[in-house]
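# Close look at the chain arrangement
Listed below, chain by chain, are the residues.
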Amino acid sequence: MRLLTWTIARRRLTVEPFGRLTKRDRAAVAAEGARLLAFVAPDADPADVAVVSAA
């Protein structure tokens, strides 16, 4: 299980993991983020999902 924070502001979703993600996990999180953003803000661009690096 991965711990993440999901923040939506101005039709943009930012996902910040608490640790490193593999490329496969990062792609899965981005895909899930695009689905979430489409549900919450149907007029948002699916490209407005950012998976940022863990601090």
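Residues numbered from 1 in each chain as written. Predicted model: local features only at pLDDT ≥ 70, side-chain atom pairs only at ≥ 80, totals over all residues. Heavy atoms only, no water.

## Considering the sheet that holds strand β3 (residues 49-51)
Threshold: The criterion for strand pairing is that DSSP finds at least two bridges linking the strands in question. Here a strand is any run of E in DSSP of at least two residues, a helix any run of H or I of at least four, and the numbering for each starts at the N terminus. Every axis in this analysis is a line fitted to C-alpha atoms, fitted for helices over the stretch in contact. Angles between the N-to-C directions lie between 0 and 180 degrees. Here, two residues are considered to be in contact whenever any of their heavy atoms come within 4.5 Å of each other.
Across the sheet, which stays open at both edges, the three strands sit in the order β1-β2-β3 with mixed pairing between neighbours. Either end of the sheet is taken by a strand with one partner, and the two such strands are β1 (4-9) and β3. Taken pair by pair, the neighbouring strands of this sheet meet at an average axis angle of 15 degrees, ignoring direction. Relative to strand β2 (residues 12-17), β1 runs antiparallel, the two sharing six bridges. When the bridges of β2 are listed, Leu 4 appears paired with Pro 17. On the sheet, helix α1 (residues 23-40) packs against β1, β2 and β3 and is oriented at approximately 35 degrees with respect to β1.

## Things to note about the environment of Ala 47
The criterion, for reference: Think of it in three bands: with a 1.4 Å probe and only protein chains considered, a residue is buried below 20% of the maximum accessible area for its type, exposed above 50%, and partly exposed in between.
By the element assignment, Ala 47 lies in the loop between α1 and β3. Among the residues examined, Ala 47 registers a relative accessible area of 55% and is labelled exposed.

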